[in-house]
Amino acid sequence: MDKKKVTEKMSWGKKNRIRKIIQDDGRVVMLALDHGYFLGPTRGMEQPRKALEPLLPHVDSLMLSPGILTSCVEPDFKGGIVLRSSGGSSIISDDLSNEGIILKPLEAVKLNASAMAISIFIGTKYEKQTLMNLAETINEAAKYEMPVLAVTAVGKELEKRDARFLALSSRIAAEFGADIVKTYYCENFEKVTSTCPKPIVVAGGPKLETELDVFELCYNSIQAGAVGVDMGRNIWQNEDPGAMVQAIKAIVHDNYKPKEAEELYKELKNKK
Ligand code: 5RP
């Protein structure tokens, strides 16, 4: 997606924030590590500061909760900061979609955030509540020219990840005014990207079987129109997270093909 098109109608402040996330080439490698907000100390992210060490030099942006930002990332971090701003249910609660707003835009401004992230759970009992979380955050965040990223969440129902559902959720997020939409890759992904007028980033979901599967997901997402990835477990649950993030970066920013990225991954891994 053309960087200028993404930001052309925005104020200076919003443009500046978005450009900390989406880079000059119109692409982004965002590292997602907000999982603890409902999963607690997930495998691979038990100690965020340690896990981040090999990854920080290679990412454009982080997506994380305010508590992990302030306790595990030094203030000299130069990349984009996307703050998890909805939450309120844990993995052992009845319904993951029962979320409220956990961070207000003024607090996000104080933390020098580049955007706020709100999940919407379309088709669930709490659909309206989560859409109102998004609407309220967009309206409040507008006072500070703070961008909002909407996450088209599926909770525990991973099978929901098809083009019909994701196009519906992504389009609703864009209609509400989200600046960036985070969704999942799926078959016929062009249906999702072509009907959503806002930049799309893809999550990885639970760890895939092979590295090549991850590289194909990244490559196919970009080919179908995504501006990049907002990925977590398939990076930091890998045997070599540092090599993984560099190979993904090569796909996103240097147009590597999946097999080329796999070769780079192996090369970096074998160097150690
Ligand atoms: C949770 C999220 C995660 O950030 C998202 O799922 C991305 O991480 P992963 O690539 O591990 O799926 O928004 O609601």
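See the structure above.
Residues numbered from 1 in each chain as written. Predicted model: local features only at pLDDT ≥ 70, side-chain atom pairs only at ≥ 80, totals over all residues.

Draft legend 1. Just the pairing of strand 1 (residues 28-32), in detail. Summarising burial for strand 1: five of the five residues are buried, a large majority. Pairing of strand 1 with strand 10 (residues 228-231) involves four bridges; the strand directions are parallel. Bridge assignment links L31 to a residue of strand 10, and that residue is M231. As paired elements, strand 1 and strand 2 (residues 61-64) share three bridges and run parallel to each other. The partner of A32 across the bridge, within strand 2, is M63. (Buried ≥ 20, exposed ≤ 12 C-beta atoms within 10 Å, placed from the backbone. Helix = DSSP H or I, 4+ residues; strand = E, 2+ residues; numbered from the N terminus. Pairing = 2+ DSSP bridges.)

Draft legend 2. Expanded view of the environment of G225. When you line up the elements, G225 lands in the loop between helix 10 (211-223) and strand 10. The class for G225 is partly exposed, based on 15 C-beta atoms found within 10 Å. For the pair G225 and I248, spaced 23 residues apart in sequence, the C-alpha to C-alpha distance is 16 Å.

Draft legend 3. Highlighting the pairing of strand 10. Of the two faces of strand 10, the one holding G228 and D230 and the one holding V229 and M231 are both buried throughout. The handedness of the strand 9 (residues 200-203) to strand 10 crossover, carried by helix 10, is right-handed. (Right-handed = clockwise from strand over helix to strand, strands pointing away.)

Draft legend 4. Looking closely at the nonpolar core. The biggest cluster of nonpolar side chains holds 80 residues, and the ones touching the most others in it are M30, V82, A115, M116, A150 and I248. Here A150 is in contact with I118, I120, L134, A173, A178, V181 and K182, once residues within four sequence places are set aside. (Core = buried A, V, L, I, M, F, W, Y, C linked by C-beta atoms within 7 Å. Contact = placed C-beta atoms within 7 Å.)

Draft legend 5. Highlighting the packing of helix 10 against helix 13 (residues 258-270). Across the interface, helix 10 lies against helix 13 with an axial gap of 9 Å and an inter-helix angle of 135 degrees. Classed by the angle they form, the pair helix 10 and helix 13 counts as oblique. Where helix 10 crosses over helix 13, the handedness of that crossing is right-handed. Along its contact with helix 10, which presents E211, L212, F215, E216 and Y219, the element helix 13 presents P258, A261, E262 and Y265. (Axes fitted to C-alpha atoms, helices over the stretch in contact; angles between N-to-C directions. Parallel < 35°, antiparallel > 145°, perpendicular 65-115°, else oblique. Left-handed = near helix turned anticlockwise from the far one by under 90°.)

Draft legend 6. Focus on the sheet that holds strand 8 (residues 180-184). The sheet built from eight strands closes into a barrel, its strands ordered 1-2-3-6-7-8-9-10 with parallel pairing. Strand-to-strand, the axes of this sheet are offset by a mean angle of 25 degrees, without reference to chain direction. Strands in contact with helix 8 (residues 163-176) are strand 6 (115-120), strand 7 (148-152), strand 8 and strand 9; relative to strand 8, the strand with the most contacts, it is inclined by about 170 degrees. The strands that helix 12 (residues 241-254) touches are strand 1 and strand 10; relative to strand 10, the one it contacts most, it runs at about 150 degrees.

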